[in-house]
Amino acid sequence: MCGIVGYVGEKSALDVVIEGLRRLEYRGYDSAGVAVLTDGVLVSDKRAGKLQNLEKALQDTPLPVGKTGLGHTRWATHGAPTDANAHPHLDNAGKVAVVHNGIIENFAALRAELAERGHTLLSETDTEVVTHLLAEQFEPSGRDLAEAMRRVCRRLEGAFTLVAVHADAPDVVVGARRNSPLVVGRGEGENFLASDVAAFIAHTREAVELGQDQVVELRREGVTITDFAGGPGTFREYHVDWDASAAEKDGYDYFMLKEIAEQPKAVADTLLGRIGADGRLTLDEVRIPDQVLREVDKVVIIACGTSFHAAMIAKYAIEHWTRVPCEVELASEFRYRDPILDRQTLVITISQSGETMDTLMAQRHAREQGAKVLAICNTNGSTMPREADAVLYTHAGPEVAVASTKAFLTQLVACYLVALYLGQTRGTKWGDEITEVIEQLAAMPEQVDKVLDTMEPVRELARSLKDATSVLFLGRHVGFPVALEGALKLKELAYMHAEGFAAGELKHGPIALIEDGLPVVVVVPSPRGRSVLHDKIVSNIQEIRARGAKTIVIAEEGDEAVVPYADHLIRIPVTPVLLQPLVATVPLQVFACELATAKGHEVDQPRNLAKSVTVE
Ligand code: M6R
């Protein structure tokens, strides 16, 4: 939520910052702004709306060139998305510029205090207090902006990433972080700060992950990191293993389309190197000793949104393969209900970004209660994997579209791997059983590819439903979370009423929603394996069809029982029961994307949303 860029070097700071903001716009697009230091003068511009509004303004009235600067793309929390509330915020003398991601919880008290001391605050934001506090602290800190920042941070409560420049501190950019993301990019004679490495990946792949409560001072010749007290900093240097091309649209109209198409590779990459020389499943990053995993008596999985749907599917695999009870919990609810956790609880957090505040806070709560935490995450250098006891990275590559697609499929793969690993460690799965599932997983990229090759009728169907007002999604067993995911995609992209239900729950209320012509998507379980479920859902399809629903049935190749009751039939390849979500989700992604496009929506940047939700 909110994207931040800072730069110091020999290039035009404005060019670097605007390019970085373009790559970070997925984090928020309510407004954008920049500030540049040029010959001891601070110049700035900011505009409500998307980055293109700012770019247009800068074309009409260019800023003078400078080599030190910062920028921001906003997802509004405090104050409407107006020019005045856009970042950067400048002090009354126009010397300090600050951009911020997060929420400063004690801003009201600080604001009142500043007003008493004669400061005039011009916006409704919480951020502006930081600008004024920094302006006040600059001289008493010996004109050392980093020291001023440390002093200010010690007064702030809440979550924040801050980046600041001062007209009287030439060639210096200062950043600070608590609970919100900030990464350093190290170049030759230039250095970068950003919410995400994507912002500077075109310039350097050498990154530094900052620990909690750190202040960083960027100069051309180097980077200095300290904690808020001025003591030695905590950080980790790493090399980013993808390049700028991975964060480009690559000829696709939208990132979402590209990311849907990348799913076979993302699944394959996440499976890569998981079998050791001894033929056993190895998850190198899982640093929790086997003995601890053997003593686990409960697994709790915590996540939000799409990641939560992955968690729901993981429960089926974990309980089936390990016989350990598994609970799944929405991160935003978790710590507020006093959950029962102890040293024998394994908590798994799932997050594409590794920065979702609800999940991060739940993860911290779990660790405080003594539970071991394993983070499943797609973003190297993010907070959750850094703070967890162990991590399993998904290898989806950068996911830019707000709607999660390839991250979801790779999260599923990671969950299956964790479930198998637990089964292996605890002896509830034989080696050859594990090998069999791994082989089945290894076949999935090809199966996903097959689904992608047959999507034209799905796109056509989506276009024909452009004027529908509501769509329901039904599923059973692992098809239930898939139904929820289909509904979530449609809500966030097409802004339509969409709901997912467990098909068995229909008769307990939701069936009253069925009326003539209502499109209902049904994810049908395999007729093999748990065929009782298959037969029951075929009955459910008949029930809704009898009441006028337009049935859109997603069923395995060869499942002939559904044919008489399907107004539209979407075929998916035959897969093992538990792995079906890997193929069944794909048509739903395509469906939502096409419907949103038909409605003229911005697929990659749906209204009111941001990719990375760093507020609770
Ligand atoms: O980064 P995370 O996986 O923690 O994000 C969780 C949700 O915010 C995210 O999955 C959201 O629901 C997506 N926009 C759905 O497409």
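### Considering the sheet that holds strand β12 (residues 214-219)
Argument step 1. With antiparallel pairing, the six strands of this open sheet are ordered in space as β5-β6-β7-β8-β12-β13. Strand pairing shows two members of the sheet lacking a second neighbour, β5 (89-90) and β13 (222-227), which therefore form its edges.
Argument step 2. Across five bridges, the pairing between strand β8 (residues 173-178) and β12 is antiparallel. Pairing of Gly175 across the sheet is with Val216, part of β12.

### Notes on the sheet that holds strand β17 (residues 345-351)
Strand pairing in a sheet relies on backbone hydrogen bonds, with the paired strands running either antiparallel or parallel.
Argument step 1. Strand order in the open sheet formed by five strands is β16-β15-β17-β18-β19, and the pairing between neighbours is parallel. Each edge of the open sheet is held by one strand with a lone partner, namely β16 (326-330) and β19 (390-393). Along the sheet, successive strands turn relative to each other by an average axial angle of 20°, direction set aside.
Argument step 2. Here β17 pairs with strand β18 (residues 372-377) via six bridges, running parallel. If you follow Thr349 over to β18, its bridge partner there is Ala375.
Argument step 3. Together, β15 (298-303), β17, β18 and β19 form the strand contacts of helix α13 (residues 406-426), whose direction differs from that of β17 by roughly 165°.

### Overview of the packing of aromatic side chains
Argument step 1. Inspection of every chain in the model, using the stated rule, returns four aromatic pairs.
Argument step 2. Ring geometry for Phe192 against Phe200: centres 5.8 Å apart, planes inclined by 35°, an arrangement best described as tilted.
Argument step 3. A relative accessible area of 1% means that Phe192 is categorised as buried.
Argument step 4. Ring centres 6.2 Å apart and planes at 55° place the aromatic pair Trp321 and Tyr416 in the tilted group. A residue pair is termed long-range when its members are at least 10 positions apart, and Trp321 in helix α9 (residues 305-322) and Tyr416 in helix α13 qualify at 95 residues.

### Comments concerning the side chain of Ser382
Argument step 1. For Ser382, the position within the fold is in the loop between β18 and α12 (383-387).
Argument step 2. Since its relative accessible area comes to 2%, Ser382 is described here as buried.
Argument step 3. In this structure Ser382 touches Ser353, Gly354, Glu355 and Cys377, once residues within four positions along its chain are discounted.

### Remarks on the nonpolar core
Argument step 1. In terms of nonpolar packing, the biggest core is built from 127 residues, with Val299, Ile348, Leu441, Phe473 and Leu490 touching the most fellow members.
Argument step 2. Ranked by the residues each element gives to this core, the list is headed by α13, at 13 residues.
Argument step 3. Aside from chain neighbours lying at most four places away, what touches Leu441 is Leu271, Tyr416, Leu417, Leu420, Leu579 and Leu582.
Argument step 4. The next biggest cluster of nonpolar side chains, apart from the first, holds 28 residues, and it includes Leu114, Leu121, Val152 and Phe228.

### Concerning the site of the ligand
Argument step 1. Inspection of the region around the ligand gives 14 residues, with Ser307, Ser351, Gln352, Thr356 and Glu492 positioned closest.
Argument step 2. Between the ligand and Ser351, the relevant distance is 2.7 Å, taken from an oxygen atom to a side-chain nitrogen or oxygen of the residue.
Argument step 3. Thr356 has a polar side-chain atom sitting 2.4 Å from an oxygen atom of the ligand.
Argument step 4. Protein chains bury 90% of the 410 Å² of accessible surface belonging to the ligand in isolation.
Argument step 5. Broken down by secondary-structure element, the contributors of at least two residues to the shell around the ligand are α9 and α17 (479-494).

### Some points on the domain arrangement of the protein
Accessible area lost during the coming together of the parts is what is often quoted as the interface size.
Argument step 1. What the domain assignment reports for the protein is domain 1 (3-247), domain 2 (255-442) and domain 3 (452-598).
Argument step 2. Here domain 1 and domain 3 have C-alpha centroids that lie 45 Å from each other.

### Remarks on the layout of surface pockets
Argument step 1. Its boundaries defined by the atoms lining it, the largest pocket holds a volume of some 850 Å³.
Argument step 2. Taken together, 46 residues line the largest pocket, and the ones lying closest to its centre are Trp242, Asn378, Thr379, Gly397 and Pro398.
Argument step 3. Contributions of two or more residues to the lining of the largest pocket are made by β11 (206-210), β14 (235-239), α7 (263-271) and α12.
Argument step 4. Looking at the lining of the largest pocket element by element, the count peaks at three residues for α7.
Argument step 5. Residue composition of the lining of the largest pocket, grouped by class: 18 nonpolar, 14 polar and 14 charged.

### Observations concerning helix α3 (residues 107-116)
Argument step 1. Of all the positions in α3, only Phe107, Leu110 and Leu114 are classed as buried. Taken down its axis, α3 places every buried residue within 65° of arc, on the same side. For α3, the exposed residues set more than 90 degrees away from the buried face come down to Ala109 and Glu116.
Argument step 2. Lining the buried residues of α3 we find β6 (96-104) and α4 (128-138).
Argument step 3. Where α3 terminates, the next one or two residues include Gly118, which has phi positive at roughly 95°.

### Focus on the pairing of strand β21 (residues 497-502)
Argument step 1. Summarising the sheet, strand β20 (residues 470-475) and β21 pair through six bridges and their orientation is parallel. Along β21, the bridge assignment pairs Gly475 with Ala502.
Argument step 2. For the crossover that starts at β20, traverses α17 and ends in the parallel β21, the hand is right-handed.

### Examining helix α16 (residues 456-464)
Argument step 1. Within α16 the residues assigned to the buried category are Val458, Leu461 and Ala462. One face of α16 carries all of its buried residues, which in axial projection span an arc of 100°. Exposed residues on α16 whose side chains face more than 90 degrees from its buried face are Pro457 and Ser464.
Argument step 2. Check the buried side of α16 and you find it contacts β23 (550-556), β24 (568-572) and α19 (581-598).

### Some points on the environment of Ala555
Argument step 1. By secondary structure assignment, the location of Ala555 is in strand β23.
Argument step 2. For the pair Ala555 and Val184, spaced 371 residues apart in sequence, the C-alpha to C-alpha distance is 47 Å.

### A closer look at the packing of helix α1 (residues 13-24) against helix α2 (residues 51-60)
Argument step 1. Axis separation between α1 and α2 bottoms out at 11 Å; the angle between their running directions is 160°. With respect to α2, the axis of α1 lies roughly antiparallel. At the point where α1 passes α2, the crossing takes the left-handed sense. Listed contacts from α2 to Leu14, Ile18, Leu21 and Arg22 of α1 are Leu51, Leu54, Glu55 and Leu58.
Argument step 2. Within the contact of α1 with α2, the residues separate by chemical class into six nonpolar, no polar and two charged.

About the cut-offs
Per chain, the residues get numbers from 1 upward, laid out in the order the sequence is written. Reporting in this predicted model follows two pLDDT cut-offs: at least 70 for local features of residues, and 80 or more for side-chain atom pairs to be given and counted; totals over whole chains, interfaces and linings ignore these cut-offs and use all residues. Think of the side-chain values as coming from all heavy atoms in the structure, minus any hydrogens and water. Being paired, for any two strands, means DSSP has found at least two bridges between them. Helix and strand assignments follow DSSP, with helices taken as H or I runs no shorter than four residues and strands as E runs no shorter than two, numbered in order from the N terminus. Here, axes are lines fitted to C-alpha atoms. For helices the fit covers the stretch in contact, and angles between N-to-C directions go from 0 to 180 degrees. Throughout, a residue-residue contact means that at least one pair of heavy atoms, one from each residue, lies within 4.5 Å. Only centres within 6.5 Å qualify two rings of Phe, Tyr or Trp (six-membered ring in Trp) as a pair; their planes then separate them into stacked at under 30 degrees, edge-to-face at over 60, and tilted for everything else. Accessible area is worked out with a 1.4 Å probe on protein chains only. A residue is then buried under 20% of its type maximum, exposed over 50%, and partly exposed in between. Buried Ala, Val, Leu, Ile, Met, Phe, Trp, Tyr and Cys residues that are joined via side-chain atoms within 4.5 Å together make up what is termed a nonpolar core. For each residue, the test is whether any non-hydrogen atom lies within 4 Å of the molecule or strand; if one does, the residue is near. Whenever a nitrogen or oxygen atom comes within 3.5 Å of another N or O atom, the pair is scored as a polar contact, on the condition that within protein one atom can donate a hydrogen and the other can accept it, and that pairs from neighbouring residues in sequence are kept only if both atoms are in side chains. Computed by Shrake-Rupley with a 1.4 Å probe, the accessible areas treat only the displayed protein chains as cover when residues are assessed. Either an automatic procedure or a domain database provided the assignment from which the domain bounds are taken. Every definition here rests on a 1 Å grid over the protein atoms only: cavities are sets of points where a 1.4 Å probe fits but cannot get out, pockets are open sets enclosed by protein on both sides within 12 Å along at least five of seven lines, and lining residues have some atom within 4 Å of a point. Grid points are joined across faces, edges and corners, and a volume is the space filled by probe spheres set on the points. Only Asp, Glu, Lys and Arg are considered charged, only Ala, Val, Leu, Ile, Met, Phe, Trp, Tyr, Cys and Pro nonpolar, and every remaining residue, Gly among them, polar. By arc we mean the arc of the directions from the helix axis to the C-beta atoms, nothing more. For a crossover, the right-handed case is the one in which the path from the first strand over the helix to the second runs clockwise, viewed with the strands pointing away from the viewer. Small angles under 35 degrees read as roughly parallel and large ones over 145 as roughly antiparallel, with 65 to 115 read as roughly perpendicular and the rest as oblique. Two helices crossing with the near one rotated counterclockwise from the far one by less than a right angle form a left-handed crossing, whereas a clockwise rotation gives a right-handed crossing.

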